[in-house]
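Notes for the structure review
Each chain, letter by letter, is given below.
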Amino acid sequence: MSTGTDHNDNASVGTDPVATDSAATGPAATGPAANSARQLEEGVDAKGRPLAIVPAAVPWLEFAVFVAVAVILAWLVCLPLWLSGEGLGDPVLVQVSGMAMMFTPLIAVVVAMIVQRRRTGEPRASIVRYLGIWPLRPFGRVLGMTALAFFGLFVLVAAAYLVGAAFGWMQVDLLGLSGFKMQLSQLPGLDEVPVVLAVIGYLVIMALGSALNVIVAFGEEVGWRGWLLTSLRPLGTWPALLIVGVIWGLWHAPLILLGYNFARPDITGVAFMVGGCIVLGVLFGWLRLRTGSVWPAVAAHAALNGSAGMLLGLFIDGSASTPDMALVSFLGVSGWIVSAIVIAVLFATGQFRRQPELGVRQPKAPAPVAPTAPAVPPASAAQPMAPAEQVPPATPRGEAH
């Protein structure tokens, strides 16, 4: 059984060490705390399942099953778009097909794990631990990184548009907000609302919409960063991250070949999507590996889906032509640059080597039993005693002295 240590980076993965020597001896050696300590020492939970989630080797058969199911289902749910003759012309059908597509990795996980469970009788980590869903421990780390991922993606998406503007790939109007005002003018009653209040309301709607995206983002992330990345970790951190990114990008082909995202309905659009998914997959994968949880990656994915279009509408110059999204979007070249900078910083600071697993509740060590202190005579008794008075031996009754 693998210990969960990354083969390439020698990452320290697993639970925090627990002092079990004192629990293994003494009166509490057979108590619940001692049993929990022994289970942690042996690397299993109360049901005998491994606490280390990384498999000893890549389950290649299950890998092939997962990829095949995810890709085939993705094409099937997008088939109505191809058969309708309208392509992306029907926005409702595009929305329905896109949301259904995001759940295909989840279905692929179910099928792959059924195969994985039946193929071998070896005890495996619990499903929720393997996928990084539960337990949410340490809670502070998981919650903090989830919030950072959610709001941090807003900042990175905005930074990508600014990079695109810096390279002259798009025109922005950050002071006049002409593009944003044009949107307001098309909505009855909102053209008289103060711009500051309108922007605040716009950002609140963006955040709420991103939060609602968590549901569909989970359908993808439980597959890509939950099951697939975990299953490929025996290859090493970077091979696993890159392979997941490539597969993730190619999986989008049914929509990209219709012109989705980049308005390039050809192989170049797929190539841009693969490039974007590789760099973005490294960031999302780092969130998964650094916390042991899939939820920060889910939050980041939801934030990206909910903010990319809305921030573009906020920044863009109203008099400018529509920019080439292959250059200015977060999945395009501008996003590659921003992501590469973030990845370089994380790499330079050793963040990819820190790969803890989801926490395990530490058993409380039994309170040490204080040894019985020897009786200390009173101070007066410590003084030398006077010789005892001689007592004549007892004379048996009936005998004379």
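So, a few notes on the structure that sits alongside this text. (Residues numbered from 1 in each chain as written. Predicted model: local features only at pLDDT ≥ 70, side-chain atom pairs only at ≥ 80, totals over all residues. Heavy atoms only, no water.)

With respect to the overall build of the protein
Regarding its fold elements, the protein presents 16 helices and zero strands. Across the 401 residues of the protein, 47% fall into the buried class. Sequence separation of at least 24 residues holds for 78% of the intrachain contacts in the protein that already meet a minimum separation of 6. Looking at the protein as shown, the accessible area adds up to about 20,500 Å², and 68% of this sits on carbon and sulfur atoms. (Helix = DSSP H or I, 4+ residues; strand = E, 2+ residues; numbered from the N terminus. Buried < 20%, exposed > 50% of the residue type's maximum accessible area, 1.4 Å probe, protein only. Contact = heavy atoms within 4.5 Å. Areas by Shrake-Rupley, 256 points an atom, 1.4 Å probe, with all protein chains shown as cover.)

Examining the packing of helix H7 (residues 139-166) against helix H13 (residues 267-291)
Angle between the axes and distance between the axes are the two parameters that describe a pair of packed helices. For the pair H7 and H13, the least separation of the axes is 10 Å and the interaxial angle reads 165°. Here H7 lies roughly antiparallel to H13, going by the angle between them. In terms of crossing hand, the pair formed by H7 and H13 is right-handed. On H13, the residues touching Arg 141, Met 145, Ala 149, Leu 153 and Leu 156 of H7 are Leu 283, Phe 284, Trp 286, Leu 287, Arg 290 and Thr 291. Taken together, the residues that form the contact of H7 with H13 break down as eight nonpolar, one polar and two charged. (Axes fitted to C-alpha atoms, helices over the stretch in contact; angles between N-to-C directions. Parallel < 35°, antiparallel > 145°, perpendicular 65-115°, else oblique. Left-handed = near helix turned anticlockwise from the far one by under 90°. Nonpolar A, V, L, I, M, F, W, Y, C, P; charged D, E, K, R; others polar.)

Digging into helix H14 (residues 295-315)
Here H14 contains 21 residues, and its C-alpha end-to-end distance of 29 Å stays within 8% of the 30 Å for a straight helix at 1.5 Å per residue. At Ser 307, H14 shows its maximal bend, which comes to roughly 40°. Of all the 21 residues making up H14, 17 are buried; the element is thus mostly covered by neighbouring parts of the structure. (Expected span 1.5 Å × (residues − 1). Bend = angle between axes of the 7 residues up to and from the residue.)

Remarks on the nonpolar core
By size, the foremost hydrophobic cluster in this structure holds 92 residues, and its most contacted members are Leu 153, Tyr 161, Trp 224, Trp 227, Leu 228, Phe 284 and Phe 330. Apart from residues no more than four positions distant in its own chain, Trp 224 is found in contact with Phe 66, Ala 70, Pro 105, Leu 229, Val 244, Ile 247, Trp 248 and Trp 251. (Core = buried A, V, L, I, M, F, W, Y, C linked by side-chain atoms within 4.5 Å.)

Here we look at a nonpolar patch on the surface
Residues Val 71, Ile 72, Trp 75, Leu 76, Leu 79, Trp 82 and Leu 83 make up a contiguous nonpolar surface patch of about 670 Å² in total accessible area. With respect to the secondary-structure elements, Trp 82 resides in helix H3 (residues 60-83). For Trp 82, a relative accessible area of 36% corresponds to the partly exposed category. (Patch = residues over 30% accessible without salt bridge, like charges linked within 9 Å, V, L, I, M, F, W, Y side chains within 5 Å. Salt bridge = Lys/Arg side-chain N within 4 Å of Asp/Glu carboxyl O.)

Some points on the environment of Leu 73
Along the polypeptide, Leu 73 turns up in helix H3. Since its relative accessible area comes to 23%, Leu 73 is described here as partly exposed. Taking the C-alpha atoms as reference, Leu 73 lies 9.9 Å from Trp 251; in sequence the two are 178 residues apart. For Leu 73, the residues in contact, after removing those within four places along its chain, are Thr 104 and Ile 107.

Quick word on the environment of Ala 326
Within the fold, Ala 326 resides in helix H15 (residues 325-328). Each C-alpha atom, one on Ala 326 and one on Phe 272, is 6.7 Å from the other, the two residues being 54 residues apart in sequence. Excluding anything up to four places from it in sequence, Ala 326 contacts Phe 262, Arg 264, Phe 272, Gly 332 and Val 333.

What about the environment of Asn 213?
As for its position among the elements, Asn 213 is in the loop between helix H9 (195-212) and helix H10 (214-232). The spatial distance from the C-alpha of Asn 213 to the C-alpha of Asn 305 is 7.1 Å, given a sequence separation of 92 residues. At 3.0 Å, the side chain of Asn 213 forms a polar contact with the backbone oxygen of Gly 209. (Polar contact = N/O pair within 3.5 Å; in protein donor to acceptor, adjacent residues only side chain to side chain.)

Topic: helix H8 (residues 178-185)
Residues of H8 that are buried: Gly 179, Phe 180 and Leu 184. Angular distribution of buried residues about the axis of H8 spans 145°; they occupy a single face of the element. Buried residues belonging to H8 abut H9 and H14. (Arc of directions from axis to C-beta.)

Focus: the packing of aromatic side chains
All chains considered together, the criterion is met by 17 aromatic pairs. Where Trp 238 meets Phe 347, the ring centres are 6.1 Å apart and the plane angle is 65°; that geometry is what we call edge-to-face. Separated by 109 residues along the polypeptide, Trp 238 in helix H11 (residues 237-251) and Phe 347 in helix H16 (residues 333-348) bring together distant segments of the chain. Residue class for Trp 238 comes out partly exposed when judged on its relative accessible area of 24%. On the basis of an interplanar angle of 35° and a centroid distance of 5.9 Å, the ring pair of Phe 272 and Trp 336 is categorised as tilted. Placement of the pair is Phe 272 in helix H13 and Trp 336 in helix H16, with a sequence separation of 64 residues. Put simply, the rings of Phe 66, Trp 224, Trp 227 and Trp 251 touch in pairs and so form one group of aromatic residues. Across the ring face of Trp 248, the terminal group of Arg 225 is positioned such that the distance to the ring centre comes to 4.2 Å. (Phe/Tyr/Trp six-rings, centres within 6.5 Å; stacked < 30°, edge-to-face > 60°. Lys NZ or Arg CZ within 6 Å of the ring centre and 35° of its normal.)

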